[in-house]
Amino acid sequence: HSKTVAQIFDTIVTGGMEITNMPVGSLALFDQEKEEFAIVSQKGLPEAFLQKERYSIRPGGLTQFVLSNSKPTIISDLKEDIAIDLTTLLSEGIRSVIAIPLVSEWELLGILYYDDINPRTYPPYLVDQLSQFAIEAVIAIQKHKALAQIKHLSSRDTLTGLFNRSQLGIQLKEAILITD
């Protein structure tokens, strides 16, 4: 199951990289309970970002700016005068960013980021393609979340939250196999 989830997230990141022709891509999902983002898939991210797999929304930062827009955020050149704190990105050599908020009708799911070490301009059709791609990504993430919730509910007692009888049998068989 977890391999399938990783493949879904990987496909989302790779698909956007192909659309944008960008060398760096990442998907950060929003954890509602902790109110922070977790990078669940990435390709080509600099080391500094890999050390911080989880992060919260920083006032004046890129994430807050991205979430204030419903459409993709496009920054052609990070060195141009912009009212966001981009020092971390610039220090890692990133010069251009596209960030797409992934929002369903009722909740924030995450953000897709695509980066380049060179300044770039983006034609309007690319933004349209990314917006369509983001809708597909939202559907895939929602489907994954729904399936995970169904799996959880089908294996647990609704009152106690403990494994139900059939799941307990499966767990017991696995435990016996491990000890043999």
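What counts and what doesn't
Numbers given for residues are sequential positions, taken from 1 along each chain in its written order. Predicted model: local features are reported for residues with pLDDT of at least 70 only, side-chain atom pairs are reported and counted for 80 or more only, and whole-chain, interface and lining totals are derived from all residues. Neither water nor hydrogens contribute to the side-chain values; these are computed over all heavy atoms in the structure. Helix numbers and strand numbers start at the N terminus; a helix is a DSSP run of H or I with at least 4 residues, a strand a run of E with at least 2. Only protein chains enter the area calculation, which uses a 1.4 Å probe; residues under 20% of their type maximum are buried, those over 50% are exposed, and those in between are partly exposed. The criterion used for residue contact is that any of the two residues' heavy atoms lie within 4.5 Å. A 1.4 Å probe and the Shrake-Rupley method give the accessible areas. Residues count as covered only by the protein chains that appear here. None of His or the chain ends enter the tally, which takes Lys and Arg as positive and Asp and Glu as negative. Note that the charge is assigned to NZ on lysines, CZ on arginines, CG on aspartates and CD on glutamates. Each pair of aromatic rings taken from Phe, Tyr and Trp, with Trp reduced to its six-membered ring, is defined by centres within 6.5 Å and is described as stacked if the planes are under 30 degrees apart, edge-to-face if over 60, and tilted in the remaining cases. Among the buried residues, those of types Ala, Val, Leu, Ile, Met, Phe, Trp, Tyr and Cys that are joined through side-chain atoms within 4.5 Å form a nonpolar core. Here, a strand pair is defined by DSSP locating no fewer than two bridges between the strands.

The subject of this paragraph is the overall build of the chain. Helices and strands together make up the secondary structure of the chain, namely six helices and six strands. When the helices and strands of the chain are listed from N to C terminus, the series reads α-β-β-α-β-α-β-α-β-β-α-α. Seen along its three principal axes, the alpha-carbon backbone of the chain occupies a region of about 60 × 35 × 30 Å. Taken over 180 residues, the chain has a buried fraction of 38%. When contacts within the chain are restricted to residue pairs at least 6 apart in sequence, long-range pairs at least 24 apart make up 53% of them. Roughly 11100 Å² of accessible area belongs to the chain as shown, and the carbon and sulfur atoms make up 56% of that amount. The chain carries 16 positive and 22 negative side-chain charges, and their two centres are separated by 6 Å.

With that settled, consider the packing of aromatic side chains. Both the distance between ring centres and the angle between the ring planes are used here to describe each pair of aromatic rings. Throughout the structure, instances matching the rule amount to two aromatic pairs. Taken together, a centroid distance of 5.0 Å and an interplanar angle of 55 degrees make the contact between Phe-30 and Phe-37 tilted. Ring centres of Phe-37 and Tyr-55 lie 5.4 Å apart, and the angle between their planes is 15 degrees; this geometry places the pair in the stacked category. One end of the pair, Phe-37, is in strand E2 (residues 36-43); the other, Tyr-55, is in strand E3 (residues 54-55), and 18 residues separate them in sequence. Residue class for Tyr-55 comes out buried when judged on its relative accessible area of 14%. Members of the aromatic cluster, connected to one another through ring pairs, are Phe-30, Phe-37 and Tyr-55.

Let's shift gears to the nonpolar core. Within the largest apolar cluster, 22 residues are counted, with the highest numbers of intra-cluster contacts made by Leu-27, Leu-102, Leu-112 and Ile-141. Counting only elements with at least two residues in this core, the list comes to helix H1 (2-20), strand E1 (24-31), strand E5 (96-103), strand E6 (108-116) and helix H5 (124-155). Aside from chain neighbours lying at most four places away, what touches Ile-141 is Phe-9, Ile-12, Leu-27, Leu-29, Leu-102 and Leu-109. Residues Val-66, Ile-84, Leu-86 and Ile-111 belong to the second largest nonpolar core, which totals 20 residues.

Within E5, seven of the eight residues are buried, which leaves the element mostly enclosed by the surrounding structure. Relative to E5, strand E4 (residues 73-75) runs antiparallel, the two being bridged by three bridges. Note on E5: the bridge partner recorded for Ile-75 is Val-97. Alignment of E5 against E6, held across eight bridges, turns out to be antiparallel. Among the inter-strand pairings, Pro-101 is bridged to a residue of E6, identified as Ile-111.

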